[in-house]
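Working through the structure, step by step
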Amino acid sequence: MPSFREIQEELPNVLETNMTPRLELRHICKRYPGVIANDDVSLSIMPGEIHAVLGENGAGKSTLMKIIYGAIRADEGEMVFDGNPIASHGPSVSRALGIEMVYQHFALFESVSVVENIALSVSGKFDLTVLANRVRDVSKKYGLPIDPHRFVYNLSVGERQRVEIVRCLMQKPKLLILDEPTSVLTPQAVIKLFETLRQLAAEGCSILYISHKLDEVQVLCDSATVLRNGLITGTAKPKQSTPIELARMMVGADLPETHLDPSTTSDTPFLNVNHLTAPSDNPFGISLNDVLLSVFGGEVVGIAGVSGNGQAELISFLSGEVLFKGADTITLGGKDVGQLDAGYRREQGLAFVPEERLGRGAVPPHHLSDNAMLTGHRLGMVKNWMIQRGKANDFAAQIIRKFNVKTTGYESAANSLSGGNLQKFIVGREIELGPKVLIISQPTWGVDVGAAAFIRQALIDLSRTGAAVLIISEELDELFEVCDRLYVICQGQLSKSLDRKNTNVEEVGLLMTGLNNNSNSDNSKAV
Amino acid sequence: MRFQIERRAEPSSFMRFGAPVYATFSTLVVSSIMFALLGHNPADTLFAFFITPLMTINGISEWLLKASPLILIGCGLAIGFRANVWNIGAEGQLVIGAVCASGVGLFYPAPESTLLLPLMVIAGMAGGMVWAAIPAFLRARMNTNEILVTLMMTYIATLLLSLLVHGPWRDPDGYNYPQTALLPDAAMFELFDPMYRLNTSILITVVAVFAMWFFTERSFFGYKMSVGGAAPLAARYAGFKQSRSIWVGLLISGGLAGIAGMAEAAGPLGQLSAQISPGYGFAAIIVAFIGRLHAVGIVLGGLLLSLLYLGGEAVQLSLGLPSALTSIFQGMLLFFLLASDFLIFYRFTPSPKPTKGGVT
Amino acid sequence: MTNSSRREFLKYSAAAGAALGSTSLSNLAMADEVLKVGAVYVSPVSEIGWTKQHSLGVDAIKAALGNKVEVTTIDSIFKPQDAERVFREMASSGNKLIFGTSFSHGTPMQKVAKRFPDVAFEHCAGIKHTKNLGTFEAKYFEGTYLAGVAAGHVSKSAKIGFIGGFPIPDIVGPANALLLGAQSVNPDMTCSVIFLNSWFDPGKEKEAANTLISQGCDVICSMTDTATGVQVAGQKDVWSIGYASDMSQFGNGKHLTAFTLDWSSVYVNAAKSVATGTWKTSERWQGLSEGVVKMSPLNTDIPAAGKAEVKKAQAAIIAGSLHPFAGEVKDQADKVRAAAGGTLSTSDIRGFNWFVKGMVGKLG
């Protein structure tokens, strides 16, 4: 592995070398119990530079950004801002220096207006009307249209991100940090965001752009630092590198490929949703509106959409965690199951992998054998109300072996596994149940590339044995890789079915914004 | 050097066993200093506290007699606590159990019958269960907070007891003192030996401990309840019904507390009086947590707490220490014990050294 | 309680008992041996109150027998379960004379006394005495009667407030006598009663005292183990009557008097007779004439006539010419309980479960 310094020498800096870097990190280290999040990380960013920090989930990117912002403290190393070392750091120091950060998960208060949210980050006295005008000015200048008086709970995720960015821009930042900003955006919104960022950079603001998406980094960034397991594995000029080069630095190996064989589908749908309409029972939830969905045996069907458009509500109705009080709306193998709970639906051949692994898909402090039993108890693990521990252990061991779960054994606690390994275990458990229908939400969220490919292949293989597989995901690439058919969900409405071969990212992206829908819903809400 | 608290990646198995040792050691050191400062020989005091009470057969009999209800109630509570069902009102269920059982004992038409004692056990258990069923119903149906309801029900129970012993059930020959007549002989648990107070009700506790172990470690229902406690969303995900856990958690703990109350009336008390419980229902909460909600741990916890009571009396009797001092000592041991549990999941590490011009 | 079959078991386990060393000790201590005495208190020994007066009795034993006696005490023992264990422990560790100081110690003491027939038990406030369990009790009503006379002279509202621990005869009787004493001065006097169902609950007691004062009572008498009643009365500037100890330090100058308890003669006599092997079970019920009940100094603000009348009544009771419950005594329902010229019987007084006329309140 080439060291950071060697690469630095090979690559002359793209920007003028006589300038003082906006920010310089020297030998940053941060250790957590059992893991080194950042190991001797050094990098520098020039004024007006858009610098990417690339890496897979868990590579240490977010930790590094939080160290820069002062939200957490490094164990070792130093930081120099505009040539001056930062002695004692913290978020307030950051703000004073002009460092602003847009988090992956926004910190906005739902029940108050945009301008009131922004007012919370203003120190000293302020006038709400003046502030609202400034918000309007800034948002106009940078092409981030937002009404300062709207309530946050009314805003789409994209709009919320705009609020966060506007909030940062109002402070006239010298360095803006964005943590995976596009994971919640439609393809169209991503293009708009990039325009804004380029405008900012042209004004001299440095931007640190954290991502694991190669294509975006190649389009946007001047330079990139690649992290893997907390270490710098390389630096690059993304516009001059190939995706394969970048991927190799990120993953440490070539990307595995998925094989999608042609499917033969069943005659009748295994899972059918017939005009499901369900008003939300809380003001921040999404109401489902006339959802029509069918999944046949032998195929993989995807539901695309930006999170928070009704996926969670739909999944709960499908899994039986929330019951639906209407006849013949949700059928499983032709049987009306709307009012039957999750346990009963599992008896009928349903399996389900939720988005939340710890606490929903698995019990965090319980060992893997117990977690295998969570849904696997149907496979003869209970006799006369007593647990057959041997069988549970065997089942857990079988999942660990077949699905390559890296662990010390079935006695390990679920919360001791990495995200990817736990996901493999849960997916393995549900597949080993031999389901007729498998519903899986965000199958590879936070999972490393190798494990993700493995999981995707396992899903395809399951469908090819005749099962119906329904994937709900935010990652369009993933859905295009594994699905036979696609639906798009937006504001609680499900699009018509799209054949993967006859659609493309643009069409799906438009549907994600709701622009292609026949309904007259408020389009601005969906972006 | 400064220290910071850090979560362990994995719970330390060394500390899992080391924590009680750590706690005992800390208590011994701190209490020795305290006793020495107050002019008592630490070695003598600790000997009187922990060893003297257990040096006679009578002492051991008393030790088990007091530990038995604590363990019995603790087992029931732990089953609920594992499922996030917080029955804080075992004291009230104990009282109602004692009331129902004593009612049978006092008014059963055949006071000589050998059926009397079994009937009282059933009545005591049923009473405790009914008292716990009220909060169970309210939580399962109306999502009320069972912590509050069970606690409130305790006040109702003690006042109900007070009403009975001051009124209709008052011993006509008892000079108006708030207590009932003595229970008939057939209503009393047999003593193992007439010299000592330990009675056969401890066998119920022994059975309960094994049953509790079996239920929590081997039964599928116990497993389902522990899933509901550790991760409620996972229980819903798997299709385990929460309302069943609530009912079972409260009914078992209520029933066992009721039996414990019955065993007090039909054991060391022999009658019903206004103050039937020396706080066993509340102390058992401590026992359940010292025992980490595990059957073996609860037995040890109950024995420890019982020994602390006896030891407190022993140092008063043999060394003349004030009761306030022994209370401090008891509190200190429990504090160190629960505080040491923290070390299973967390550890102290030196704070990182601030480097020159560093980020820290 | 044990049945006959259990008593048969006793034979078989005699060996075990002997091994324990509890029943095999020589019957009574020799004159030159050190006598071991135990006392069980119901609450911690504080400055004043019931337990303090008992601890003074224990102190009197130490003073009288010096190094011939070794005393062990334990406090805060109230629940019968705990009490039985402590009495057993004391009996089996060589104590030859053991005092119990609460009614709730009664049942446990009866059980333990049976097991240790060669140990002398003395139970204060007890009602049942057996072969080796004696009982002693004070005639509180003599004290309350005199306090009532004083109250009758100072009360303007003609209302007394009484706070009792439990509605037992030992409290009901004194409450009745308090009113009768007051009525001997002013026949229109009434007395309102609140029971706490606890000997020690300052919070509840404070509430009760405030309630009584707000109802117009201007003399407060509280028979509990605290000085709270006296304190509250002092703060509200109404008269108060102390119980067990002289509580004038808490009364803000409004402490009328207190009927105090002095058990030292009982304690010393019991210890001396056990030491000499002459102890016999007995039932003692003693008052002003034996010095078990004493009156603390009268408040100087009591009119001279009142003071004189209290002194006169005290002398008459000691001389036997005045009985607080001398007829005619009517109950709340106007029924005559003792005809004019007669007196309530001892069993009536020790078993009081009714209030005299003029009492406001109800018994359980």
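Residues numbered from 1 in each chain as written. Chains lettered and ligands numbered in written order. Predicted model: local features only at pLDDT ≥ 70, side-chain atom pairs only at ≥ 80, totals over all residues. Heavy atoms only, no water.

Attention now goes to the overall build of chain B. Helix and strand counts for chain B come out as 13 helices and two strands. For chain B, the C-alpha radius of gyration of 23 Å lies close to 21 Å, the compact-globule estimate for 360 residues. Along the first, second and third principal axes, the C-alpha set of chain B runs to 85 × 60 × 35 Å. The buried share of chain B, reckoned over its 360 residues, is 58%. (Helix = DSSP H or I, 4+ residues; strand = E, 2+ residues; numbered from the N terminus. Rg over C-alpha atoms; globule rule 2.2 N^0.38 Å. Buried < 20%, exposed > 50% of the residue type's maximum accessible area, 1.4 Å probe, protein only.)

The next thing to look at is the domain arrangement of chain C. All names here are of chain C. Split by domain assignment, chain C resolves into domain 1 (4-138 + 263-286) and domain 2 (141-260 + 293-360). Centre-to-centre, using C-alpha coordinates, domain 1 lies 32 Å away from domain 2. A buried area of about 1,300 Å², summed over both sides, lies between domain 1 and domain 2, and 57% of it is on carbon and sulfur atoms. It is Ile 48, Trp 50 and Trp 285 in domain 1 that bury the most area against domain 2; as a group they hold 44% of the surface buried on that side. Taken together, the links from domain 1 to domain 2 amount to one salt bridge. Residues Glu 283 and Arg 350 are paired through a salt bridge, measuring 3.5 Å at the closest nitrogen-oxygen approach. (Domains from an automatic or database assignment. Buried area = accessible area lost by both parts, 1.4 Å probe. Salt bridge = Lys/Arg side-chain N within 4 Å of Asp/Glu carboxyl O.)

All names here are of chain C. With respect to topology, six strands assemble into an open sheet ordered β2-β1-β3-β4-β5-β11, the strand pairing being parallel. The outermost strands of the open sheet, each flanked by one partner alone, are β2 (69-74) and β11 (283-286). Averaged over all pairs of adjacent strands, the angle between strand axes in this sheet comes to 15°, irrespective of strand direction. Direction of pairing for strand β3 (residues 97-100) relative to strand β4 (residues 120-124): parallel, over a ladder of four bridges. Residue Ile 98 lies in a different strand from β4, and its bridge partner there is Phe 121. On top of the sheet, helix α10 (residues 264-275) reaches β1 (35-40), β3, β4, β5 (133-138) and β11; it is set at about 155° to β3, its chief contact. (Pairing = 2+ DSSP bridges. Axes fitted to C-alpha atoms, helices over the stretch in contact; angles between N-to-C directions. Contact = heavy atoms within 4.5 Å.)

The next subject is empty space enclosed by the protein. Residues and elements named next belong to chain C. Inspection of every chain in the model, using the stated rule, returns eight cavities of 30 Å³ or more. Approximately 200 Å³ is the volume attributed to the largest cavity. Its residues placed into classes, the lining of the largest cavity shows 10 nonpolar, three polar and three charged. Looking at which domains feed residues into the lining of the largest cavity, each of domain 1 (4-138 + 263-286) and domain 2 (141-260 + 293-360) supplies at least three. The calculated volume of the second largest cavity comes to roughly 120 Å³. (1 Å grid on protein atoms, 1.4 Å probe; cavity = no way out; pocket = protein on both sides within 12 Å on 5 of 7 lines; lining within 4 Å. Points joined across faces, edges and corners; volume = space filled by probe spheres on them. Nonpolar A, V, L, I, M, F, W, Y, C, P; charged D, E, K, R; others polar.)

Here the focus is the pairing of strand β11 (residues 269-278) of chain A. Residue and element names in this part refer to chain A. Here β11 runs beside strand β12 (residues 288-296); their pairing, made up of six bridges, is antiparallel. Bridging from a neighbouring strand, Asn 272 pairs with Ser 294 of β12. The pairing of β11 with strand β14 (residues 330-332) spans three bridges and is antiparallel. Bridge assignment links Asn 272 to a residue of β14, and that residue is Thr 331.

A cis amide bond links C:Gly327 with the next residue in sequence, C:Glu328, at an omega value of 5°. Positionally, C:Glu328 belongs in the loop between α11 (304-319) and β13 (329-330). Positive phi outside glycine occurs at A:Trp385, with the angle close to 65°. Its place among the elements puts A:Trp385 in the loop between β17 (382-383) and β18 (386-387). Among the residues examined, A:Trp385 registers a relative accessible area of 73% and is labelled exposed. In this model, C:Ala125 sits at a positive phi of 70°, which is unusual for a non-glycine residue. Residue placement: C:Ala125 occurs in the loop between β4 and β5.

Our focus in this paragraph is the interface of chain B and chain C. Facing 40 residues of chain B, the contacting portion of chain C comprises 44 residues. Regarding the contact of chain B and chain C, the summed buried area is about 4,000 Å², with carbon and sulfur atoms giving 55% of it. Broken down residue by residue, the surface that chain B buries against chain C is led by B:Tyr175, B:Tyr177 and B:Met195, which jointly contribute 19%. In this structure, the connection of chain B to chain C is made through four salt bridges. Taking the shortest distance from any N to any O, the salt bridge between C:Arg85 and B:Glu62 comes out at 3.7 Å. On inspection of chain B and its partner chain C, the count reaches 15 residue pairs in polar contact (both at pLDDT 80 or more). Taken together, the elements giving at least two residues each to the side of chain B that touches chain C come down to α3 (57-82), α6 (146-166), α10 (242-269) and α12 (295-319) of chain B. (Polar contact = N/O pair within 3.5 Å; in protein donor to acceptor, adjacent residues only side chain to side chain.)

Another aspect to go through is the sheet that holds strand β9 (residues 239-244) of chain C. Residue and element names in this part refer to chain C. One open sheet accounts for seven strands, arranged β12-β10-β9-β8-β6-β7-β15; its pairing is mixed. The two strands at the open ends of the sheet, each matched to only one other strand, are β12 (293-295) and β15 (359-360). In this sheet, strand β8 (residues 219-223) lies alongside strand β6 (residues 159-164) in parallel orientation, the contact comprising five bridges. Across the sheet, residue Gly 161 finds its bridge partner in β8, namely Ile 220.

Turning next to the arrangement of the chains. Counting contacts across all two pairs of chains that touch, the top-ranked interface belongs to chains B and C. Looking at chain A next to chain C, you find no contact at all, with the nearest C-alpha pair sitting 40 Å apart.

A separate point is the layout of surface pockets. Roughly 1,300 Å³ of volume is contained in the second largest pocket. The wall of the second largest pocket is formed by 48 residues, among which B:Gln275, C:Asn197, C:Ser198, C:Trp199 and C:Phe200 lie closest to the centre. Of all elements in the fold, only α4 (90-107) and α6 of chain B together with α3 (50-65), α8 (202-214) and α9 (228-235) of chain C reach the threshold of two or more residues within the lining of the second largest pocket. The residue inventory of the lining of the second largest pocket, partitioned by class, reads 22 nonpolar, 17 polar and nine charged.

On to the interface of chain A and chain B, then. Accessible area lost upon the coming together of the parts serves often as the stated size of an interface. Listed per partner, the contact involves 45 residues of chain A and 32 residues of chain B. Across the interface of chain A and chain B, roughly 2,900 Å² is buried in total on both sides, 59% from carbon and sulfur atoms. Counting every contact that joins chain A to chain B gives one salt bridge. Measuring nitrogen to oxygen at the nearest pair gives 3.0 Å for the salt bridge that ties B:Lys241 to A:Asp341. If you look at where chain A meets chain B, you find 10 residue pairs in polar contact (both at pLDDT 80 or more). Of all the secondary structure elements, the ones that give two or more residues to the side of chain A that touches chain B are β4 (76-81), α11 (342-347), β16 (350-353), α12 (368-376), β18 and α14 (419-432) of chain A. By residue number, the principal contributor to the side of chain A that touches chain B is α12(A), which donates five residues. Looking at the side of chain A that touches chain B residue by residue, the class counts come to 23 nonpolar, 11 polar and 11 charged.

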